[in-house]
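Listed below, chain by chain, are the residues.
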2 protein chains.
Amino acid sequence: MEVKYINPFLESFLNVISTMATIELSAGRPRIKQDEIALGDVSGLIGMISPQVKGSLSITFEKGLALKIMHNMLGECPDHINDEVTDMVGEITNMVCGGAKRILGEKGYQFEMATPMVVAGKEHHISHQAHGKKIILPFTSLNGKAFVEICFQENG
Amino acid sequence: MEVKYINPFLESFLNVISTMATIELSAGRPRIKQDEIALGDVSGLIGMISPQVKGSLSITFEKGLALKIMHNMLGECPDHINDEVTDMVGEITNMVCGGAKRILGEKGYQFEMATPMVVAGKEHHISHQAHGKKIILPFTSLNGKAFVEICFQENG
């Protein structure tokens, strides 16, 4: 998978978190996921389909960062990942994927998004099953880490 | 969401588990998910898109049932949910969704599937974010429970 497909997701994620939650995340170097496992406490997931490729995106948050985003976006201070937090993570996932879809669309790469799903559970991890390289984008903040993972395969 | 969309997923799941793992699951009554939370230890998730609707499917297994399926399908006896188990759950999710896609296609309802994702983590739960009724199909077996959840929304 080429960089031109990855950067729009990175840009879109930084932009959504900065705009919606006024949190500046520090982006680490994108890398190919091998044995690495990105553990988190709440994740948004979405499927993507284009005429050429299909794949999936996940955004995994550590609990502290998810709760901080919740606080900054909605003024609420839950002490655990409740339904409002999972809905917020679903909405962020939709916005990030929608932002990347717009950027890629302007470059001539169209794709359709399915509806997001959100997983909540202490220290879960996600395995993308598309037959392509799994790209992991790590982010850090004062309140915890986040990981964006993307994987596409060509339609066979 | 109408029964005609649900039954193909139910049939396909029972068929895949029976054929591939020689396990007969007992299907409970499909219901609309409200406050209910289906906890499990490993889940396969997939996004679906048609010209009319888009949505998502998840299949959540308790650990004991996932390991029993692994044993029956591949002869392996892991004591925890390792990469082989998550790959198997991804493959089952693909087969179940593919079976339902075929049945629905024969009835004139076409949809495209994204690639599956698998979540592993003790007692996680999944929240489908499509703006439609969430249908939950519960299954029991001697080795543990499974839940298939489906949610579609009309394209706006």
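Look up: the structure comes first, before these words.
What counts as what
- Residues numbered from 1 in each chain as written.
- Chains lettered and ligands numbered in written order.
- Predicted model: local features only at pLDDT ≥ 70, side-chain atom pairs only at ≥ 80, totals over all residues.
- Heavy atoms only, no water.
- Helix = DSSP H or I, 4+ residues; strand = E, 2+ residues; numbered from the N terminus.
- Buried < 20%, exposed > 50% of the residue type's maximum accessible area, 1.4 Å probe, protein only.
- Polar contact = N/O pair within 3.5 Å; in protein donor to acceptor, adjacent residues only side chain to side chain.
- Contact = heavy atoms within 4.5 Å.
- Expected span 1.5 Å × (residues − 1).
- Axes fitted to C-alpha atoms, helices over the stretch in contact; angles between N-to-C directions.
- Parallel < 35°, antiparallel > 145°, perpendicular 65-115°, else oblique.
- Nonpolar A, V, L, I, M, F, W, Y, C, P; charged D, E, K, R; others polar.
- Salt bridge = Lys/Arg side-chain N within 4 Å of Asp/Glu carboxyl O.
- Least-squares fit on C-alpha atoms with pLDDT ≥ 70 in both.

Undergrad: Can you help me understand the side chain of B:Glu149 in this one?
TA: Residue and element names in this part refer to chain B. Here Glu 149 shows up in strand β8 (residues 144-154). For Glu 149, a relative accessible area of 2% puts it in the buried group. Among the polar contacts made by the side chain of Glu 149, one reaches the side chain of Lys 33 at a distance of 2.7 Å. When sequence neighbours within four positions are dropped, the list of residues in contact with Glu 149 reads Lys 33, Ala 38, Ser 56, Leu 57, Ser 58, Ile 126, His 128, Ile 135 and Ile 136.

Undergrad: Just to check I follow, could you spell out helix α2 (residues 63-74) of chain B for this structure?
TA: An α-helical segment advances 3.6 residues per turn. Residues three or four places apart therefore align on the same side. Residues and elements named next belong to chain B. Taking 1.5 Å as the rise per residue, α2 with 12 residues should run 16 Å; its terminal C-alpha atoms sit 16 Å apart, in good agreement. When we look at burial in α2, the residues that qualify are Leu 65, Ala 66, Leu 67, Ile 69 and Met 70. Buried-residue contacts for α2 involve α1 (3-21), β3 (40-49), β4 (53-61), α3 (83-106), β7 (134-141) and β8.

Undergrad: Explain the packing of helix α1 (residues 3-21) of chain A against helix α2 (residues 63-74) of chain A here, please?
TA: Geometrically, a packed helix pair is captured by the angle between its two axes and the distance between the axes. All names here are of chain A. Between α1 and α2, the least distance of the axes is 8 Å, while the angle of their chain directions is 50 degrees. Of the possible angle classes, the one that applies to α1 and α2 is oblique. On α2, the residues that touch Ile 17, Met 20 and Ala 21 of α1 are Ile 69, Asn 72 and Met 73. Partitioned by chemical class, the residues of the contact of α1 with α2 number five nonpolar, one polar and no charged.

Undergrad: Would you explain the pattern of salt bridges in this entry?
TA: It is possible for side chains bearing opposite charge to pair when their charged atoms get close. All names here are of chain A. Summed over the entire model, instances satisfying the criterion amount to six salt bridges over all chains. Between Arg 102 and Glu 106 there is a salt bridge, and its shortest N-O distance comes to 3.4 Å. In this pair, Arg 102 and Glu 106 are both assigned in helix α3 (residues 83-106), four residues apart and thus about one turn of the helix distant. Residue class for Glu 106 comes out exposed when judged on its relative accessible area of 61%.

Undergrad: So what exactly am I meant to see when it comes to the relation of the copies chain B and chain A here?
TA: One copy of the chain maps onto the second through a rotation about an axis and a displacement along it. Each copy of the sequence occupies a distinct position, and chain B is placed on chain A by a rotation of 180 degrees and an axial shift of 0.0 Å, giving an RMSD of 0.0 Å. Put plainly, the chains are arranged around a two-fold axis. No C-alpha of chain B lies nearer the rotation axis than that of B:Gly47, which sits 2.3 Å from it. Here 100% of the interface residues in chain B have copies in chain A that are interface residues too; the copies meet face to matching face.

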